[in-house]
Amino acid sequence: EAAVTQSPRNKVAVTGGKVTLSCNQTNNHNNMYWYRQDTGHGLRLIHYSYGAGSTEKGDIPDGYKASRPSQENFSLILELATPSQTSVYFCASGDLGANSDYTFGSGTRLLVI
Amino acid sequence: GNSVTQMQGQVTLSEEEFLFINCTYSTTGYPTLFWYVQYPGEGPQLLLKVTTANNKGSSRGFEATYDKGTTSFHLQKASVQESDSAVYYCVLGEGTGGYKVVFGSGTRLLVSP
C-alpha cells in the first residue's frame with residue numbers, strides 16, 4: 001500500500017543541536033512537502049520539492065533546510081535547533097497539479113529543550 | 001492571494017445530530033476544493049474533493065457542494081457518530097505545480113455518545 005513514512009516518531013533535541021527529520025514515500029509522487037502544526041496556527045508550509053534535487057522555500061522557511069536526494073526521500077534539517085521549533089512536523093506527497101490530493105505521514109513530534 | 005476561512009473553531013454535538021461546518025474561500029482562479037480530516041495522533045487524510053463548480057462531493061456520509069456563487073464549500077453530515085470526532089480542514093488548490101494549496105484553520109468536531 002502506498003504510504004508516507006516519517007522518522008523518528010518522537011525526538012528530543014537540545015538547543016543549538018542539529019536535527020534531521022526523514023520522510024519516505026512509496027506513492028511515486030513528484031511533489032513532497034514539509035509542514036509544521038502548532039495550536040492556533042494550523043498547518044504551515046516550510047519547504048517543498050518538485051522532484052529529486054529540487055527544494056523550494058515555503059511560507060516559513062527560516063531556520064530550516066531541506067534535502068531531496070531521490071524521488072522517495074525528503075529530509076528536513078534544523079542546523080541549530082531552537083525551542084521555538086518545538087512542534088509537530090508532517091511530511092506529505094502529492095502528484096503534479098493543484099487538484100492532486102496529498103498523502104500525509106503520521107508526523108514527528110519534536111521537543112527542543 | 002488565495003485564502004480559506006473556517007469561522008468555527010470547534011463544534012460540539014451529540015451522536016445522531018446534524019453536522020454543518022462552514023467554509024468560504026477567496027481566489028481569482030478555478031480551484032479544486034478539498035476536505036481533509038485529522039484524527040488524534042495521525043496526519044490529515046483526504047475526506048473528499050470536488051474539482052468542478054456546482055458539483056457535490058461525498059464520502060463516508062459526508063457531503064460538500066462547491067458553490068461558486070457564494071464561494072463556499074460547507075461540509076455536512078446528516079447524523080454524526082462519536083468516531084467522527086476529529087479536526088476538519090477545508091483546503092483550496094489552484095494553479096499548476098501542486099504548491100498552491102491553502103489550508104483553512106481547521107474545525108474541531110467533538111461528538112458525545
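None of these values were measured; they are calculated from a predicted model.

Asker: So what's going on with the overall build of chain A? Which residues, and what values?
Answerer: Secondary structure assignment for chain A yields 0 helices and 11 strands. Computed over C-alpha atoms, the radius of gyration of chain A comes to 13 Å, within 12% of the 13 Å expected from 2.2 N^0.38 for 113 residues, which places it in the range of a compact globule. A principal-axis box enclosing the C-alpha atoms of chain A has dimensions of 35 × 30 × 25 Å. The proportion of buried residues among the 113 residues of chain A is 51%. Here the analysis covers contacts within chain A between residues at least 6 apart in sequence; of these, 54% occur between residues at least 24 apart.

Asker: Which residues make up the interface of chain A and chain B, and what values do they have?
Answerer: On the chain B side, the residues contacting the 20 residues of chain A number 20 residues. Of the roughly 1,600 Å² buried at the junction of chain A and chain B (both faces included), carbon and sulfur atoms supply 55%. Remark: the boundary between chain A and chain B carries 5 residue pairs in polar contact (both at pLDDT 80 or more). Those elements that provide at least two residues to the side of chain A that touches chain B are strand 4 (31-38), strand 5 (42-49) and strand 10 (102-104) of chain A. Along the lines of polarity and charge, the residues of the side of chain A that touches chain B split into 10 nonpolar, 7 polar and 3 charged.

Asker: Which residues make up the packing of aromatic side chains, and what values do they have?
Answerer: Within this structure, the stated rule accounts for 17 aromatic pairs over all chains. Taken together, A:Tyr33, A:Tyr35, A:Tyr48, A:Tyr50, A:Tyr102, A:Phe104, B:Phe34, B:Tyr36, B:Tyr89 and B:Phe103 form an aromatic cluster joined through their ring pairs.

Asker: So, the pattern of salt bridges: which residues are in play, and what are the values?
Answerer: Overall, the coordinates contain 6 salt bridges over all chains when judged by the stated rule. A salt bridge links A:Glu79 to A:Lys65; the shortest N-O distance between them is 3.1 Å. Taken together, the residues A:Glu79 in the loop between strand 8 (75-78) and strand 9 (87-94) and A:Lys65 in strand 7 (residues 65-67) connect sequence positions 14 residues apart. On the basis of relative accessibility, which here comes to 44%, the residue A:Lys65 falls in the partly exposed class. The residue B:Glu63 makes a salt bridge to B:Lys56 at a minimum N-O spacing of 3.7 Å. You can call B:Lys56 exposed: its relative accessible area is 54%. Via salt bridges that share partners, A:Arg36, A:Asp38 and A:Arg44 belong to a single interconnected network.

Asker: Could you give an account of the sheet that holds strand 9 (residues 75-77) of chain B, naming the residues involved and the relevant values?
Answerer: Residues and elements named next belong to chain B. Spatial strand order, 3-9-8-7: 4 strands in an open sheet with antiparallel pairing. Since the sheet does not close on itself, it has two edges, and those belong to strand 3 (19-21) and strand 7 (56-59), each with one partner. Across this sheet, the average inter-strand angle for adjacent strands is 15 degrees, counted without regard to direction. Two strands pair when backbone bridges link them, and strand 3 and strand 9 are joined in this way by 3 bridges, in the antiparallel orientation. Across the sheet, the residue bridging to Leu-19 is Lys-77, located in strand 9.

Asker: Break down unusual backbone geometry for me, citing the residues and quoting the values.
Answerer: A:Pro8 follows A:Ser7 through a cis peptide bond whose omega is -5 degrees. Mapped onto the elements, A:Pro8 comes out in the loop between strand 1 (4-7) and strand 2 (10-13).

Asker: Give me the lowdown on the state of the cysteines, citing residues and values where you can.
Answerer: All names here are of chain A. For the structure shown, the criterion picks out 2 disulfides over all chains. Covalently, Cys-23 is tied to Cys-91 through a disulfide, its sulfur atoms 1.9 Å apart. When the S-S torsion is -80 degrees, as for the bridge of Cys-23 with Cys-91, the disulfide is left-handed. Taken together, the residues Cys-23 in strand 3 (residues 19-25) and Cys-91 in strand 9 connect sequence positions 68 residues apart. Of the residues examined, Cys-23 reaches a relative accessible area of 3% and is grouped as buried.

What counts and what doesn't
Residues numbered from 1 in each chain as written. Chains lettered and ligands numbered in written order. Predicted model: local features only at pLDDT ≥ 70, side-chain atom pairs only at ≥ 80, totals over all residues. Heavy atoms only, no water. Helix = DSSP H or I, 4+ residues; strand = E, 2+ residues; numbered from the N terminus. Rg over C-alpha atoms; globule rule 2.2 N^0.38 Å. Buried < 20%, exposed > 50% of the residue type's maximum accessible area, 1.4 Å probe, protein only. Contact = heavy atoms within 4.5 Å. Buried area = accessible area lost by both parts, 1.4 Å probe. Polar contact = N/O pair within 3.5 Å; in protein donor to acceptor, adjacent residues only side chain to side chain. Nonpolar A, V, L, I, M, F, W, Y, C, P; charged D, E, K, R; others polar. Phe/Tyr/Trp six-rings, centres within 6.5 Å; stacked < 30°, edge-to-face > 60°. Salt bridge = Lys/Arg side-chain N within 4 Å of Asp/Glu carboxyl O. Pairing = 2+ DSSP bridges. Axes fitted to C-alpha atoms, helices over the stretch in contact; angles between N-to-C directions. Disulfide = S-S within 2.5 Å.

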